[in-house]
Protein chains: 2
Amino acid sequence: MSYFDDITVGARRTLGTHHFTREEIIAFAQAYDPQSFHVDDEAAKRTHFGDLVASGWHTAACWMKCLVAERTRDAAERRARGEDVPDFGPSPGFKNMRWLKPVYAGDTITYATEVREKVPSKSKPEWGLLMAYNTGTNQHGDLVFDFESIVFVRRRA
Amino acid sequence: MSYFDDITVGARRTLGTHHFTREEIIAFAQAYDPQSFHVDDEAAKRTHFGDLVASGWHTAACWMKCLVAERTRDAAERRARGEDVPDFGPSPGFKNMRWLKPVYAGDTITYATEVREKVPSKSKPEWGLLMAYNTGTNQHGDLVFDFESIVFVRRRA
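Residues numbered from 1 in each chain as written. Chains lettered and ligands numbered in written order. Predicted model: local features only at pLDDT ≥ 70, side-chain atom pairs only at ≥ 80, totals over all residues.

When you go through chain A residue by residue, the secondary structure sums to four helices and five strands. The principal-axis extents of the C-alpha atoms in chain A amount to approximately 60 × 35 × 30 Å. Relative to its 157 residues, chain A shows a buried fraction of 34%. Expressed as a percentage of contacts within chain A between residues at least 6 apart in sequence, the contacts between residues at least 24 apart total 68%. (Helix = DSSP H or I, 4+ residues; strand = E, 2+ residues; numbered from the N terminus. Buried ≥ 20, exposed ≤ 12 C-beta atoms within 10 Å, placed from the backbone. Contact = placed C-beta atoms within 7 Å.)

As a further point, take the environment of B:F152. Residues and elements named next belong to chain B. In this fold, F152 is placed in strand β5 (residues 143-154). For the pair F152 and K118, spaced 34 residues apart in sequence, the C-alpha separation works out to 9.9 Å. With near-sequence residues (within four places) excluded, F152 lies in contact with G89, P90, W127 and L129.

Here strand β2 (residues 93-99) of chain A runs beside strand β5 (residues 143-154) of chain A; their pairing, made up of five bridges, is antiparallel. Bridge assignment links A:F94 to a residue of β5(A), and that residue is A:S149. Pairing of β2(A) with strand β2 (residues 93-99) of chain B involves four bridges; the strand directions are antiparallel. Bridged to A:F94 within β2(B) is B:M97. (Pairing = 2+ DSSP bridges.)

Right, let's talk about the interface of chain B and chain A for a bit. The partner chain A presents 24 residues to the 24 residues of chain B that form the contact. Only α4 (56-80) and β2 of chain B provide two or more residues apiece to the side of chain B that touches chain A. For the side of chain B that touches chain A, the element with the most residues is α4(B), which contributes eight residues. Grouping the amino acids of the side of chain B that touches chain A by side-chain chemistry returns 14 nonpolar, six polar and four charged. (Nonpolar A, V, L, I, M, F, W, Y, C, P; charged D, E, K, R; others polar.)

On to helix α1 (residues 22-32) of chain B, then. Listed in full, the buried residues belonging to α1(B) are B:I25, B:F28, B:A29 and B:Y32. Buried residues of α1(B), viewed axially, fall in a sector of 95°; they line one side. Away from its buried face by more than 90 degrees, α1(B) exposes B:E23 and B:Q30. Contacts made by the buried residues of α1(B) are with α4 (56-80) of chain A together with α2 (36-39) and α4 of chain B. (Arc of directions from axis to C-beta.)

So, on to the confidence of the model for chain A. Fine structural detail should not be taken from predicted coordinates in areas where pLDDT scores are low. Looking at chain A, pLDDT values average 94 and 100% of them are 70 or higher. Interface confidence in the predicted complex, given as ipTM, is 0.90; pTM for the same model is 0.93. (pLDDT = per-residue confidence, 0-100.)

Take the sheet that holds strand β1 (residues 12-19) of chain B next. Overall, antiparallel pairing links the 10 strands, which are arranged β1(A)-β3(A)-β4(A)-β5(A)-β2(A)-β2(B)-β5(B)-β4(B)-β3(B)-β1(B) in an open sheet. The sheet is open, and its two borders are formed by β1 (12-19) of chain A together with β1 of chain B, each paired with just one other strand. Neighbour to neighbour, the strand axes of the sheet diverge by 20° on average, direction disregarded. Across 10 bridges, strand β3 (residues 108-120) of chain B lies against strand β4 (residues 127-137) of chain B in antiparallel orientation. Looking at β4(B), one finds that B:E114 is bridged to B:Y133. Its contacts with the sheet put α4(A) on β1, β2, β3 (108-120), β4 (127-137) and β5 of chain A, and the angle it makes with β1(A) is roughly 125°. Sheet strands in contact with α4(B) are β1, β2, β3, β4 and β5 of chain B, and its direction is about 125° off that of β1(B). (Axes fitted to C-alpha atoms, helices over the stretch in contact; angles between N-to-C directions.)

Superposing chain B onto chain A takes a rotation of 180° combined with a translation of 0.0 Å along the rotation axis, leaving an RMSD of 0.0 Å. What the rotation and shift describe, once combined, is the action of a two-fold rotation axis. In terms of proximity to the rotation axis, the leading residue of chain B is B:K95, whose C-alpha is 2.5 Å off the axis. The fraction of interface residues of chain B whose copies in chain A are also interface residues reaches 100%, indicating that both copies meet through the same surface. (Least-squares fit on C-alpha atoms with pLDDT ≥ 70 in both.)

All names here are of chain A. Phi is positive for N96, close to 50°, though the residue is something other than glycine. Structurally, the position occupied by N96 is in strand β2. Taking the number of C-beta atoms within 10 Å as the measure of exposure, N96 has 13 and is therefore partly exposed.

On to the packing of α4(A) against α4(B). Contact pair α4(A) / α4(B): the axes reach a minimum separation of 10 Å and the direction vectors enclose 175°. When the axis of α4(A) is compared with that of α4(B), the two are roughly antiparallel. Side by side, α4(A) and α4(B) meet where A:W57, A:A60, A:A61 and A:M64 of the first sit next to B:W57, B:A60, B:A61 and B:M64 of the second. Its residues assigned to classes, the contact of α4(A) with α4(B) shows eight nonpolar, no polar and no charged. (Parallel < 35°, antiparallel > 145°, perpendicular 65-115°, else oblique.)

Set out below in structure tokens:
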């Protein structure tokens, strides 16, 4: 996690990967999205998906998991080098979330983020707004998920 | 769940409520969004939130939980009346998700959905596209979360 001032538009980072097991797909969906194609192997085979698939919210939540893990690693490295590391800021929201292809049990999704735009906040001079384009790509190289994020990032004093 | 042909633009449904316990907020966040203000009561007090808050992805996933529960109840009632009930269709994506206010431990969020637009699919004559505006409102009446959904809905043969 960098200060707003140090972030370069166009910078792209791979955040990490998540392997979607059948067990985790079913557990997430039983709690939050118990549609047949997320919780029942046999019923899923009879749907347009043809097999068990992850809830789109599960795919999205795993992007967040990888983002937080990457930021935590990065912050630890920066602190080890004696750098000052800002807090994570809140997000006012996200745009244009698309589930482009199914995520099947056994798939491994690689998540990435690319900085698209930086805008200083007019009302909050200690923060800037960072717009990023975020993706999830499966082990075959297919883009399965994308969305645009907006997040507050600290400015240097 | 109705057929596309039977859905009225402007129709609004309350989907249900979700009570966010401290335990569930922490469990979800430990798996998918382990930022301090989602997993650590004491650290959360020192952030801009001032107390433990739910991950935005958790707030979103609980909207889905309430939607599926309401559709399942509705489908059972329709089938009990002898009506033909279509399958749930997939969603190509969502737009403009906003986390407008924090969801604190102990909050109860009421979720609702309102039909905004219906468009027959040109490429898939058996489906229509339904656009809806979706909300989460806390026990004080504050809108905490909203987004626009797009979902495929079956047309009558």
